[in-house]
Amino acid sequence: MNDATQVKLLRSAMILGITLLVCGHIVLAVTFASDNIGHHGFILGAALSAFGVILSLPTKIYLTLVLMEHEESKNPNFTRSAEGQERRRSSVAHIRTATEDDALNLSVLAKQTFIDTFAADNSEENMRQHCDATYSEALQRDEITDPNRLTLLATHQGQLIGFIQVRWGNTPDSVPAKSAGELQRLYVDRDWHGKGIAQDLMAAALDVFAKRGNDVVWLGVWEHNPRAIAFYRKIGFREVGSHVFPLGTDPQRDLIFMHEL
């Protein structure tokens, strides 16, 4: 029996269950209003209601799960999954898809984490130029709504503590792939380093790539960022090339890493 047939049967069962519930309440109401029906009316009404509950509630739960699975498979911005729920139980962070309302907070965190990571090794002017050109609230809102990008947020008790941004298109020649996705940015607030947030964000992003049908994920990482390079190597990325990453007026060299799914 295919999924469509199952859904039709379950919908029918749910409708029947709701009908039985209504009929059960009607019988009980008539029984209370009449002295001629007796205890048989209470038994019939209770039985109809009980069968109605049995048929309707589990069916509604199952249909909800089916519809959520369907939405997840069709919509790349929908991140509910069994794997995601398992990560939520085992992680201190909640991973969710960003919305336009997150643009300001995302802009603030993106600037701060970029400065925390790279300010010591770059000029103040180049850092300012890059942050102004890359992490403004308006640009973050545009990227959140871009159908070729996806931004996932890590939050703890409502506070934004990390994010990962992925996109599709413009795969470099050094990345052999039938269908590639790019891991554009991955940053975690420095107070949350070492708590598994980056791993949770990465796992959620890889789920998205896999469900979209990508066979390769690639990224660029600054050649003088040994912490990030070690992290990517540990989870299975390998170096395949390099490209220029302009930071303000400084043309820097990013290493290109790829990971096969």
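Going by the structure above, here's the rest.
These numbers come from a predicted model, not from an experiment.

> It is not clear to me how the nonpolar core should be interpreted in this structure. Could you clarify?
Looking at soluble globular proteins, one finds that nonpolar side chains tend to be buried together. One finds Leu-183, Leu-186, Ile-197, Leu-201, Met-202, Val-221 and Tyr-232 to be the most contacted residues of the largest nonpolar core, which totals 32 residues. Among the secondary structure elements, those contributing two or more residues to this core are strand S2 (149–156), strand S3 (159–167), strand S4 (180–188), helix H7 (197–212), strand S5 (216–222), helix H8 (226–234) and strand S7 (250–260). By residue number, the principal contributor to this core is H7, which donates nine residues. Sequence-distant contacts of Ile-197, that is, excluding residues within four places in its chain, are made with Val-92, Ala-93, Ala-154, Ile-161, Val-188 and Trp-192. Membership of the second largest hydrophobic core comes to 17 residues, among which are Leu-109, Ala-110, Phe-118 and Ile-144.

> I keep staring at helix H5 (residues 124–134) and nothing clicks. Help me out?
In an α-helix, one turn spans 3.6 residues, which is why side chains three or four residues apart end up on the same side. When H5 is considered as a whole, its buried residues turn out to be Asn-126, Met-127, His-130, Cys-131 and Thr-134. Angularly, the buried residues of H5 cover 125 degrees about the axis, an arc narrow enough to put them on a single face. In H5, the exposed positions angled more than 90 degrees off the buried face are occupied by Glu-124 and Ala-133. Residues of H5 that are buried sit in contact with helix H4 (103–118), helix H6 (137–145), S4, strand S6 (238–247) and S7.

> Mind showing me how you'd approach the packing of H4 against H5 here?
To characterise two packed helices, one gives the angle between the axes of the helices and the distance between these axes. Here H4 crosses H5 at 155 degrees, and the two axes come no closer than 11 Å. It follows from the interaxial angle that H4 and H5 lie roughly antiparallel. In the crossing of H4 with H5, the sense of the turn from one axis to the other is right-handed. Each of Lys-111, Phe-114, Ile-115 and Phe-118 in H4 lies in contact with H5, whose residues at this interface are Met-127, His-130 and Cys-131. Its residues assigned to classes, the contact of H4 with H5 shows five nonpolar, one polar and one charged.

> I'm lost on the pattern of salt bridges in this one. Help?
Pairs can form between side chains of opposite charge once their charged atoms are near each other. Inspection of every chain in the model, using the stated rule, returns twelve salt bridges. Where Asp-132 meets Arg-128, a salt bridge forms, and the shortest distance between an N and an O atom there is 2.9 Å. Here Arg-128 and Asp-132 lie together in helix H5, a separation of four residues that amounts to about one turn. Look at Arg-128 and you get partly exposed, because its relative accessible area is 43%. The salt bridge partner of Arg-167 is Glu-182, with a shortest N-O separation of 2.6 Å. Separated by 15 residues along the polypeptide, Arg-167 in strand S3 and Glu-182 in strand S4 bring together distant segments of the chain. Judged by its relative accessible area of 26%, Arg-167 is partly exposed. A cluster of three or more residues bridged by salt bridges with shared partners is formed by Glu-143, Asp-146, Arg-149 and Arg-185.

Thresholds applied
- Residues numbered from 1 in each chain as written.
- Predicted model: local features only at pLDDT ≥ 70, side-chain atom pairs only at ≥ 80, totals over all residues.
- Heavy atoms only, no water.
- Core = buried A, V, L, I, M, F, W, Y, C linked by side-chain atoms within 4.5 Å.
- Buried < 20%, exposed > 50% of the residue type's maximum accessible area, 1.4 Å probe, protein only.
- Helix = DSSP H or I, 4+ residues; strand = E, 2+ residues; numbered from the N terminus.
- Contact = heavy atoms within 4.5 Å.
- Arc of directions from axis to C-beta.
- Axes fitted to C-alpha atoms, helices over the stretch in contact; angles between N-to-C directions.
- Parallel < 35°, antiparallel > 145°, perpendicular 65-115°, else oblique.
- Left-handed = near helix turned anticlockwise from the far one by under 90°.
- Nonpolar A, V, L, I, M, F, W, Y, C, P; charged D, E, K, R; others polar.
- Salt bridge = Lys/Arg side-chain N within 4 Å of Asp/Glu carboxyl O.

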